[in-house]
Amino acid sequence: MVALTDSAVQAARTAVEAAAGQAAGLRIMVRPAGCAGLQFGLQLEEGPGDADAVIRFEGLDVYVDQDSVPLLDAVTVDFVERLEGAGFVFENAAPGGGCNCGKKSCH
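Per an unreviewed UniProt entry, the protein carries the name HesB/IscA family protein and comes from Rhodocista pekingensis.

What follows is the structure, encoded as structure tokens:
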């Protein structure tokens with residue numbers, strides 16, 4: 001199952017709190033696209049869907065649709081701050097899980 005670093009949990013909790021009642025958790029999804037054939041995405045959500053897996057990380061609810069669950073195995077979500085800016089990064093530790101361009105993480 002997907003893992004979140006402490007910095008990712010903190011950044012997501014901050015975003016949920018800033019939504020002032022408009023969001024209850026964070027959705028993580030995987031869609032076909034990108035250089036590895038998959039595109040990872042995040043969005044704030046008011047609550048889980050009927051068939052969603054709900055994973056709790058230190059007070060943060062994360063919602064994952066059933067199609068995305070197997071694709072998130074061995075994926076770690078981190079929040080990084082660099083000179084280029086700050087944002088969430090998905091790192092796929094599965095064999096062959098990197099981008100076709102040779103990178104192990106996609107932004």
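Let's talk about the side chain of Ser68
Relative to the elements of secondary structure, Ser68 occurs in the loop between β5 (60–64) and β6 (75–82). Using a relative accessible area of 0% as the deciding quantity, one classes Ser68 as buried. A polar contact of 2.9 Å, which involves the side chain of Ser68, links it to the side chain of Asp65.

A few points about the nonpolar core
Among the nonpolar cores identified, the biggest contains 19 residues, and Val2, Leu4, Ile28, Leu60, Val62, Leu72 and Val77 are the most heavily contacted of them. Mapped onto this core, the elements with two or more residues apiece are α1 (6–18), β2 (25–32), β4 (53–57), β5 and β6. When residues of this core are assigned to their parent elements, the largest contribution, four residues, is made by α1. Apart from the residues within four sequence positions on either side, Leu60 is in contact with Leu4, Val9, Ala12, Arg13, Val16, Leu26 and Ile55.

The rules behind each value
Residues numbered from 1 in each chain as written. Predicted model: local features only at pLDDT ≥ 70, side-chain atom pairs only at ≥ 80, totals over all residues. Heavy atoms only, no water. Helix = DSSP H or I, 4+ residues; strand = E, 2+ residues; numbered from the N terminus. Buried < 20%, exposed > 50% of the residue type's maximum accessible area, 1.4 Å probe, protein only. Polar contact = N/O pair within 3.5 Å; in protein donor to acceptor, adjacent residues only side chain to side chain. Core = buried A, V, L, I, M, F, W, Y, C linked by side-chain atoms within 4.5 Å. Contact = heavy atoms within 4.5 Å.

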